[in-house]
Amino acid sequence: MSIAGASMFVGLEAEAAPKKKSKAAASRAASELELENRQLRAELAAAKRRELELIKKGAGAATATAQTGQTATEVAAAEPIPEAKPEEEDITQNKNLGEVVVKAKPKLAKLHEVAQSVSVVSGQELNRELSRDLGDITRRASNVQFNQNNTRGASLSVRGLGKRSFTETQDPSVGVTLDGVPYALTQLANFSFYDVEAVEVTRGPRGTEGGLSASSGKVNVTSKMPTFTPTAELSAAYGQRESLILQGALGGSVIDNFLAWRGSFIVDKARGFYENEYDRNYTLYNRDRLSGRAQLLFTPTSNLTARFVADFEPKQPQVQNGLTFYHDQPFRFADGSLTDRNGTTAYSKLNGYFSHSNQFALNDTTSPGAISAVGSRAAAGQYFYNRGFTYNDYVGGEQRGTVWFDQNKGQTVNNQGAAALIDWEVGNHVLSSRTGVREYRFDAHNDEGTPFDISVDGGGGVKYNQWTQEFKVANKPGGWLDYKAGVIGLWTKDNIDSKTGWGADAGAWFATNGQYNALYRNAGTNRGAGEAILKDLLQDARTQETTEVRTQSGALFGESDLHFTDKLTLTAGVRVAHEDRKSRNYKLIARNGAGGAFNPVSVRDVATGGFNSDTTQSFAVDQNGDGVIDKNPDGSNKTITNTFYGSTANYGKLNDAQTAVVAGDAIVNSAEQTGLADSLAARYFGGSSYSALTAAQKTMVANAKTLRASQIGRLNQSVEDDYQDVLYTAQLTPSYKINEDLTTYLSWQYGEKSGSIAPVNGRPFTVKPEETHALELGLKSFWLDKSVVVNVDAFVMDIKNYQQAVQVVDEFQTEVNMAPGGSGLTAYTAAQGNVGRVRVHGVELDSVINTIPNLSIRFNGAYNVAEYLDYKNAPKPDEQGYLTSDYVDMTGQLLPGASKWNFNVGAEYSRPIFETKFVGHTSFNTTYQTEFNNSDTLSAYGWVGDRARTDAAIGIGTRDKAWDLSLIGKNIFNDRAHESGWNSYAPDPYPRWFGIQLSGKI
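Residues numbered from 1 in each chain as written. Predicted model: local features only at pLDDT ≥ 70, side-chain atom pairs only at ≥ 80, totals over all residues. Heavy atoms only, no water.

- The protein is annotated in an unreviewed UniProt entry as TonB-dependent receptor from Methylomonas koyamae.
- According to its UniProt record, the protein has this under Subcellular location (unreviewed entry): "Cell outer membrane".
- The annotation that UniProt attaches to the protein under Sequence similarities (unreviewed entry) is "Belongs to the TonB-dependent receptor family." (UniProt positions renumbered as here; feature names shortened; annotations may be inferred.)

Written out as structure tokens, the structure reads:
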């Protein structure tokens, strides 16, 4: 919060704000304040002299300008503050001293010489409206977006590039660095930020300056460093939904001029806005976070500094997955065919199923004639009758404002790491070392969205470890050539689990209408057996797929500034990286559960312990041989009866005599398999043997086996793959200083993002590397005696082999289709892959206005067009599921998550009140963006309309910052824009919130 001596940013430039008042009052105020200001200036000057000597060589806080090759964050966040000059003291000693409010020199102004597109947000600006995560940060920078999801699936986009989720096998398009240590996984940064000095967002390919390369941009976060000046800060906020946010920092000297420390923490707890009807003790997007950081700063000699950092966030559960509101999906596709052809939707389970061949009036859905007519509406499954949850409950979440499901375990995460940051000044050079280790864990337990016992312990899990080591050398600036060079190594170990589990209601829920009819609705005297089969079929079964990725990466980088004249500088940089990645993938049945007897004999080469029986009754055909399944008039697949395997009377038949009944019938069973079949017959039907079952009973078994196999899906033994590549990054940037207020630059950047090995359905699949060419023309400017900073740039980025979700061959399903009785067609599935070509172009603006006394304004904006130039292999959106083509062409469409226009404006007004003993302040930040498509498949149901979000604060505090009390509002106008969704959507997890914060420091 702003207090006397500081406003919106850490300040240097003082400006008087005259105000008419009595001479007596002015005299008293001047006398009191003059004495205090002299003391404060003396303390500040002494502290800054000590700090300057240490920081100028310290971890990421050198005094060099942009020509040293430092990142913009290092320049902006750590520029030393000089001692007060006489002319500045004159300002503070006038008779109206009490009315002086120090105006800030914006951090953006300190980037005047940095020839790149960049936004900077100070830690103080984040604190004033209780901003503490990537979503808050990106709403205060230009042309960057946080794509909301849980702590594993959320991602960052810069210039519309980078939206993705749950793809640990690929590098992020937008890199994140904390205190000089780069994160190779975005999830490491999806936590609360605290004790922040500054955040910088750079746009465009990066990498020649060091760290890890990034194809779209970087977010660099700098924490407050230890100092030898005693520090104690604490804030406590309490607000709606039982929110409690505690933040604090403590530090100072341990051994004068040798060892300093700083410890900081955050406790962030709150109920979520959306309650769970199943148990209202649980809410969605609750906050349960605790994190602490400890830092030590050693200065053993005048030319050597070492900073050691460790942070820890223990395991805490948060319920985020499942925040979904359901509604009716469209009844028919554009061609008139039904969108639910097999009765697999919640509507069919809870409200009734309409056969694909039915021709009926939509308003005739309950009459006996309509229900009994052949091919007509089937009544809702009685299995779910009188269970306390109806279809109206299922789709009533939006009206209630609650969700309703039984799995409340949520997602458990923890994040911890350590770093050693060492700088050694040797002659005219500074040698630097950055060592970092990180560990991240994520474990989800998801639900299907009902209180029934259907999905249990399903979800993803991640175990991630990272080690980085960077060595760098940089010369001291001042000559005609400034340069830096270095080497960085990265090692990661990433285990990604995908778990699926089922409960007692899963069999009935996942059954098609035909399977449900055979096992329950039309089972007749066998209905009791069918109900028992439905309950046992998937109960307590578990499958687990694990993908292990090991990465070793090394890079050499260098960057130099050639100063041809005082005004003309050429920045050139190059980076060469070697990538070595290995992966292993396998999927197995972790637990058979109650229905293991219904397993197939094997899936691929994975034995599952079942017995052989005929489970093929009919199959789709391509009678004209055009490679496309033949269709019925209503758009459904044309099928023919299975006569090759035997008549339909043989459906479910077991060949216990060890000989084939009909050519091509199920292969023979061993004695052990026959015994398994006999025990199944005895358990569910009381039969003496499987062969003694009736044809109807065998048909029930066949349907059950088909249903279980469809849920277990593909299995595979260990599949290994290897990826190696050499990647290049380069930049060439001439900049020209027109005068002291105007600097222009033209930057060409080239970057290659590593490819990856991402197994698809248990088969190796290689994603090609991205290639990005970027061109940027920029102007950095000061106006009105440097009280206005305006930075503007125009850019174009051309990306070849852009990495995102695409359609690829589903080799497992293709194998099934190619087997006898299959469709004979190639099957496709969505996976991570490459789009032929993408182009992004636009204009970006970053500005700060300090022309009005006591008022600071920041205004950022962008016009951004991110479109596909070659995307012929796009996955089909839901509404185009009826199309027979394998792909749809999305060439010319905008990328998911990319708005054409986005703006954010922030302002703070602060001034002394009550005869200057206190400071009153108010501030706000508003982000606006035009419509964008939030669906990765660019569905027509994925559009989110224009939206704006405003945070604001108003408060009062003492001039010496001993305390400050503020009322803070987040999303005060309650903007909750969202897509409509094909059959569901995820509402904004953070509606309007108000709270009170009390903070202080000594």
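## What to know about the overall build of the protein
Argument step 1. The helix and strand tally for the protein stands at 15 helices and 46 strands.
Argument step 2. Of all intrachain contacts in the protein linking residues separated by at least 6 positions in sequence, the fraction that spans at least 24 positions is 71%.
Argument step 3. Total accessible area on the protein stands at roughly 39,600 Å², and carbon and sulfur atoms take up 55% of it. (Helix = DSSP H or I, 4+ residues; strand = E, 2+ residues; numbered from the N terminus. Contact = heavy atoms within 4.5 Å. Areas by Shrake-Rupley, 256 points an atom, 1.4 Å probe, with all protein chains shown as cover.)

## Examining the pairing of strand β15 (residues 287-301)
Argument step 1. Taken together, the 12 bridges between strand β12 (residues 259-270) and β15 define a ladder with antiparallel strand orientation. Looking across to β15, one finds that Phe265 is bridged to Gly292.
Argument step 2. Looking at chain direction, β15 and strand β16 (residues 304-318) are connected through 8 bridges and run antiparallel. Residue pairing for β16: Gly292 is matched across the bridge by Phe312.
Argument step 3. Between the end of β15 and the start of β16, which pair antiparallel, lie 2 residues. (Pairing = 2+ DSSP bridges.)

## Comments concerning the pairing of strand β9 (residues 217-223)
Argument step 1. Most of β9 sits out of view: 7 of its 7 residues are buried.
Argument step 2. Residues Gly217, Val219, Val221 and Ser223 point to one face of β9 and Lys218, Asn220 and Thr222 to the other, with burial holding for every one of them.
Argument step 3. The pairing of strand β6 (residues 174-178) with β9 spans 5 bridges and is parallel. Across the sheet, Val176 pairs through a bridge with Val219, a residue of β9.
Argument step 4. The pairing of strand β8 (residues 196-203) with β9 spans 7 bridges and is classified as antiparallel. Bridge pairing links Ala198 to Thr222 in β9. (Buried < 20%, exposed > 50% of the residue type's maximum accessible area, 1.4 Å probe, protein only.)

## What to know about the sheet that holds strand β20 (residues 402-403)
Argument step 1. Taken in spatial order, the 3 strands line up as β14-β13-β20 in an open sheet, and their pairing is mixed. Either end of the sheet is taken by a strand with one partner, and the two such strands are β14 (283-284) and β20.
Argument step 2. Summarising the sheet, strand β13 (residues 274-276) and β14 pair through 2 bridges and their orientation is antiparallel. Pairing of Glu275 across the sheet is with Thr283, part of β14.

## A word on the nonpolar core
Argument step 1. Ranked by internal contacts, the top residues of the largest apolar core, which has 39 residues, are Leu350, Phe598, Phe685 and Val701.
Argument step 2. Broken down by secondary-structure element, the contributors of at least two residues to this core are α6 (346-351), α8 (391-394), α10 (506-510), α11 (513-521), α12 (527-538), α13 (671-685) and α14 (695-712).
Argument step 3. Taken together, domain 1 (118-322 + 405-503 + 539-587 + 716-1001) and domain 2 (326-357 + 364-397 + 510-538 + 588-653 + 693-711) each give at least three residues to this core, which thus spans both.
Argument step 4. Ignoring sequence-local partners within four residues, the contact set of Val701 consists of Phe598, Phe611, Leu680, Phe685, Tyr690 and Leu693.
Argument step 5. Of all hydrophobic cores here, the second largest spans 37 residues; its members include Phe146, Val174, Tyr183 and Phe191. (Core = buried A, V, L, I, M, F, W, Y, C linked by side-chain atoms within 4.5 Å. Domains from an automatic or database assignment.)

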